[in-house]
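# Per-entry structural report
Okay, here's what each chain looks like letter by letter:
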Amino acid sequence: MNSPNGRELKHSYRDIIPVFLMDFKKDFDCKDVEETLRSIFKKEQVDAIFKSPAIYQPYLLFWLLREQPPDVVQRFVEDDINRINYDYLMSAIRDESRNPSSSTESYISERDLLYNDNQKFSKYNVPRIEPYLELQKALLELRPSRNVAVEGVLGAGKQWLVLDVCSSFAVQRKMDFKIFWLNVRDCRSPENQLQLLQSFLHQIAPSLRINFDQSVAVHIERVKAELRHILKDKPFKNCLLVLRNVQNKETWKAFNLGCKILLTTRHKSVVDYLSPATTTHVNLRDALTPSETESLFAKYMPTVPHESLKQLSNVQTTNPLLLSFIAESIRDGICTLDNWKNINFTKLTTIIQKSLKELDPSDKELFEKLFIFPRSAHIPIKLLGLVWSVADPMTVVNRFYKYSLVRKHTDQTITLSSIYSELNLRVPNEAALSQKIVDSYDIPRLFNQCNDTTLSQLDCYFFGHIGHHLSKVSDKTKRVNLFRMIFLDFRFLEQKIRNDTTPWNARGSILHTLHVIKSYREEIVDNESHYRELVSALLVFLTKAEEKLISSEFTSLLRIALMSEEGPVFNEALRQVQRFPDFVWFTEHGRFHQHREIINLGQDEVRHAIYLDNDYCLMALGSKELLLTDVSLTGDKTYLLSDEADPSDIIEMRVFNKQMQLLTLHKNGSLKLWSLRDLLPRRQLSDWGNCPTVRPPRGDQEPKHSKPHRSEQFVNNAINRFVGSKCISSFYLDENVRTRDYSIQLHVAFDDGDICILNWDDKDRKFIKSQTPILPTKQTDIRYFSKILNRFYVVWSKKCNLTFWNLQNASDVTEKQFELEKSKALAMETYFERLDDGVQYTIMMIIYERSVWRLKFKHTDYCNHLTDTLQVELLPLSETIPATVTCGKLSADGRYLILGTLEGIVVYDLKFPYGLLRSNVSERIVCLDVYDLHDPILKYIVLCGAKGKHFLHIHTLRSTDTDAITWMHHVDESDDQLKDRNTKGRAHLEPNVYLRPLLEMCDDGTLYAVDSRARIHQIQAIMGQSAGRRQSIANWTTIPTPHMESGKHITALCAGQEGTIYAGYNNGLIINISDNKMLPNEEIKDSVDYLKEINSQRLIASFRPGFHHNFLLVVSWG
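In this text the structure is predicted, and so the values were computed from the model without any measurement.

Thresholds, definitions, all that
Residues numbered from 1 in each chain as written. Predicted model: local features only at pLDDT ≥ 70, side-chain atom pairs only at ≥ 80, totals over all residues. Heavy atoms only, no water. Helix = DSSP H or I, 4+ residues; strand = E, 2+ residues; numbered from the N terminus. Expected span 1.5 Å × (residues − 1). Buried < 20%, exposed > 50% of the residue type's maximum accessible area, 1.4 Å probe, protein only. Arc of directions from axis to C-beta. Pairing = 2+ DSSP bridges. Axes fitted to C-alpha atoms, helices over the stretch in contact; angles between N-to-C directions. Parallel < 35°, antiparallel > 145°, perpendicular 65-115°, else oblique. Contact = heavy atoms within 4.5 Å. Nonpolar A, V, L, I, M, F, W, Y, C, P; charged D, E, K, R; others polar. Salt bridge = Lys/Arg side-chain N within 4 Å of Asp/Glu carboxyl O. Polar contact = N/O pair within 3.5 Å; in protein donor to acceptor, adjacent residues only side chain to side chain. Patch = residues over 30% accessible without salt bridge, like charges linked within 9 Å, V, L, I, M, F, W, Y side chains within 5 Å. Areas by Shrake-Rupley, 256 points an atom, 1.4 Å probe, with all protein chains shown as cover.

### As for helix α14 (residues 216-231)
With 16 residues, α14 should cover 22 Å at 1.5 Å per step; its first-to-last C-alpha distance of 22 Å lies within 8% of that length. Where α14 is concerned, the buried positions are Val216, His219, Ile220, Val223, Lys224, Leu227, Ile230 and Leu231. Take α14 and look down its axis: the buried residues cluster within an arc of 135 degrees, on one side only.

As structure tokens, then:
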């Protein structure tokens, strides 16, 4: 083997370079060779390195190099390392390759021997960086008479991790290149111990013989004494003894010979025996990361394209052993990713069955009974006593725990270790055992009692998995009755929803409840049309009631159902409340119940949101992370995207390239590129339609999101090498879809006003600097800008003025200053429209805090002056905007403008500028997005997040017969179904009217509320005289108020002792509403803040002047 200069190499660079890993870790920066690596290796391989923390990168690079052909490694060393001025490393590697030291020779020899003895490991091993570094650190700190124990369940990958770490140069050198391996799996008797001790003695002293002429016990002690003596000698002082598959503490005692010991075990009795004072414990989880899973599949299927491997890595299991069998079976054509769960892996079953031979026959029988429970379920220990017919089930649990067959939890439950679920054992008396479990809950008594509206006596297992056992009950009549009793009970549904969690661990989720009801629909319905209608209505109702239920622990699903629109759900709720005669129930319903579907975010608030195709939603959270989740109610895909190295609040985000990429602009001036390509799998056809196919519940735990995905490119780096280190203040994406050659350009504005253009490289999937010169606008702090007519920039800076720039000659073509508003601009939206004159226009909407401006740019063949084509118009919305605007979004067709305000959402129809639609809930909106459904009835989905709310709300806008739109929850009075209803006295708010946070409660329980039209609503509880409490209803009436001019509204409310209602207004007026009389107020024009009646002719009023403290005034009359 020759180097380029003709000198012969004794060992290839691929053999030598692992010797220098620690030197590279200390002095080498992988970023220096990024371009070279991308020219040698696959994009995904290099991306995996640079997405990882810097401390991991040298390891990942070396692991990649050791799998390459020698000529590739030689090119990397002699061309690339040498070219970037790492001469000292290059010289050392070259010298060691020509004249290897004794340490290097020993290392290569030991490593080759280790790889040769473990062929499958050397071919399919996937390094696991975090446990690798943890174990390596423990071994480098290990000294004689100390231990390192690697513990993990069956299939966790303990053996391969140990082989991987022990084949490193650092560990080999620490052990003086003397590592001895013993598989002690069958070491269960003195004879086995003696045999293995002699094997160890033969490894370190092949010529030594000890005559066997006494008992086994004496012979063991003689061999141990000889071993201790040898291990104290200098050649073996630092050696490492590796004990694989330790089954019991007696094995460790037999080999406790005073040397360094590394052992692997899945037995808790061994782990618990070894003291932390003498042993470093490394707990290995049976979980590969998605990237590690992808690497494993790539080793089994090296010819499969990367995109397909990405899909394969989404398999819903993480156990390395199981993943290996799946990959092998897919490679051999035995199964596919879609049907592997239906395949019986014979080899895996044999391995699992072999591990169970350690159990007594009676214990094995008890263990097999665990398979009547759903996989991954948290099984209450109290139920195990019933299934096993034992008085003390904890004793049996501890025996299983000793062999790592189960996991114990602090809530007195256990779970089956995941690998054992693959046995798919059938329990012979499954129906009888399930009947025992069902009977133990005494369901009819609990559900028919009249004093418990929360079913507090039931545990989490019941809410999560009782349907699994009900489905096994053999008596059909009993089974159907119990299904209806449980799954149609609003108390049960409420507690189940509250107990379930989302994939991102937010408390409260309807997803699993919907899956379960759909899966057991036929059991509940049993061919009865009444129940079929009820189940269908219930599924719709639950999605709308989710927000009210989860946002407050003091509401109840039964109450919400009773106040829903008349129909199957209302009738069922009315039937169920009859069992609670001591409770008062409201049965009023109307538009003031704004039902909204939500995404529960747990402890996070949403900052920005984008609704994507195929019912995915992308959210920027207050935690500086991105959450991508499936909101179809049939899927469970959830991903977290974050940059732990550079966390910062996201101020803007855009998807592009057919929603396969994402750009996020951060508060610290960084612009990041993320890939969504592999996170958004195409749905199956069965996932769509009005009745989507739902996987039957397996009883698994809720799916959890994977480890956070990192950004693909830090866009600043692609520019900074040309312009220096600058912060990015804004960006504009130009996707040219009108030409045959689809192209994407990114326009980036820096904080000093410079604008730079980057081109999208679709091959490498990143942005690169274009040849276009930088445009210096000197407009500092550009917040929004847009490209117009392919020639001009429209720029808005924080100085609150608009400027126009010609891209062709880099000149400022602003002919006059456009200071449309002094307030802050919140959004700049553009779209194309062909107006009635047949001319194409580019329409730009600029949304401010109190107004909206429309700029029309006429398309012409030649534009000499931009302002010649420009029409500027203030939309006539100012009078109707209810409060300060916080955000805005334009529908894709340019027809509807949706504004978020301090008091909710406002929707404007720009075709008819006075068309107005308001949300019924007053809340501070912080983000909006609009998604066009391209449906003749259901027009748009509107996402919105509110300040202080841990939800993202999902609204739907539908069309009406008058070419307008309204909320999906809007009640149409012209509906034939409503004509026959007695709606007199019902609560009824128009879709553009909402209740204001101004309430007055009287001692008799009467509630007065004010709506946004300055009307007062009286809600009073009236007890039915003829039927007792069971017929209690709430009477809702509207009290007329004087007509006031525009802008005048009620600011204070007081209910007198004799039922007199007083209202104070924002112009200082105080009016006796009951008598329609204005009270004297000394000509005060300030807003009334507070009213309190002293007697029938005197009030105390508090006023709030514009810039002064409140003051009190006694108002008298009579």
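### Quick word on the sheet that holds strand β14 (residues 650-656)
Adjacent strands of a sheet form backbone hydrogen bonds with each other and so pair up, either parallel or antiparallel. Ordered by their spatial adjacency, 4 strands build an open sheet running β14-β15-β16-β17, and the pairing between neighbours is antiparallel. Each having just a single partner strand, β14 and β17 (713-714) make up the two edges of the open sheet.

### Comments concerning the packing of helix α31 (residues 529-551) against helix α33 (residues 568-576)
Helix-helix packing: each pair is described by the crossing angle between the helix axes and the interaxial distance. Where α31 contacts α33, the axes come no closer than 8 Å and their chain directions differ by 100 degrees. As judged from the angle between their axes, α31 and α33 are roughly perpendicular. In contact with Glu533, Leu534, Ala537, Leu538 and Phe541 of α31, α33 contributes Pro568, Val569 and Glu572. Among the residues making up the contact of α31 with α33, the classes are represented as 6 nonpolar, no polar and 2 charged.

### Brief notes about the side chain of glutamate 151
Topologically, glutamate 151 is positioned in strand β1 (residues 147-151). Residue classification places glutamate 151 among the buried residues on the basis of a relative accessible area of 8%. Setting aside chain neighbours within four positions, we find glutamate 151 in contact with Lys158, Thr265, Lys268, Val271, His281, Val282, Asn283 and Leu284.

### What about the pattern of salt bridges?
Counted according to the given criterion, the structure contains 46 salt bridges. The salt bridge involving aspartate 15 is made with arginine 111; its shortest N-O contact spans 3.1 Å. On the criterion of sequence distance, the pair formed by aspartate 15 in helix α1 (residues 13-16) and arginine 111 in helix α8 (residues 102-117) is long-range, its members being 96 residues apart. Since its relative accessible area comes to 7%, arginine 111 is described here as buried. The closest approach of N and O atoms between lysine 726 and aspartate 754, which form a salt bridge, is 2.7 Å. Note that lysine 726 is positioned in the loop between α34 (715-723) and β18 (728-736) and aspartate 754 in strand β20 (residues 754-761), a separation of 28 residues in sequence. Aspartate 754 carries the same exposure label as lysine 726, and that label is buried. A cluster of three or more residues bridged by salt bridges with shared partners is formed by Glu34, Arg38, Lys43, Asp47, Lys51 and Glu712.

### Details of the side chain of serine 564
Considering the arrangement of structural elements, one finds serine 564 in the loop between α32 (557-562) and α33. On the basis of relative accessible area, serine 564 is assigned to the buried category, the value being 6%. A polar contact of 2.6 Å, which involves the side chain of serine 564, links it to the backbone oxygen of alanine 561.

### Structural notes on the environment of aspartate 615
Position of aspartate 615 among the secondary structure elements: in the loop between β10 (606-612) and β11 (616-621). On the accessibility criterion, aspartate 615 (22% relative accessible area) is partly exposed. Sequence spacing of aspartate 615 and threonine 629 is 14 residues, and the spatial spacing of their C-alpha atoms is 8.7 Å. Among the polar contacts listed, one links the side chain of aspartate 615 to the side chain of tyrosine 611, at a separation of 2.5 Å.

### Quick look at the packing of helix α22 (residues 381-388) against helix α23 (residues 393-402)
Viewed as axis vectors pointing N to C, α22 and α23 meet at an angle of 100 degrees, and their least axial separation amounts to 9 Å. The orientation of α22 relative to α23 falls into the category roughly perpendicular. Judged by residue contacts, Ile381, Leu384, Gly385 and Trp388 of α22 engage Pro393, Met394, Val396, Val397 and Phe400 from α23. Here the residues of the contact of α22 with α23 sort into 8 nonpolar, 1 polar and no charged.

### Section: a nonpolar patch on the surface
The grouping of Ile937, Leu938 and Met968 at the surface amounts to a nonpolar patch, some 240 Å² of accessible area in total. Relative to the helices and strands, methionine 968 is located in the loop between β38 (965-967) and α35 (976-979). Judged by relative accessible area, methionine 968 falls into the partly exposed class, the value being 37%.

### Quick word on the pairing of strand β23 (residues 782-788)
Within β23, 7 of the 7 residues are buried, which leaves the element mostly enclosed by the surrounding structure. Following β23, the chain reverses through 3 residues before pairing antiparallel with strand β24 (residues 792-797); leucine 789 in that reversal takes a positive phi of roughly 55 degrees.

### Let's talk about the sheet that holds strand β12 (residues 626-630)
Here 4 strands make up an open sheet; going across it, the order is β10-β11-β12-β13 and the pairing antiparallel. Each end of this open sheet is capped by a strand with a single partner; those strands are β10 and β13 (638-641). Neighbour to neighbour, the strand axes of the sheet diverge by 15 degrees on average, direction disregarded. Bridge analysis of β10 against β11 gives 6 bridges, and the strand direction is antiparallel.

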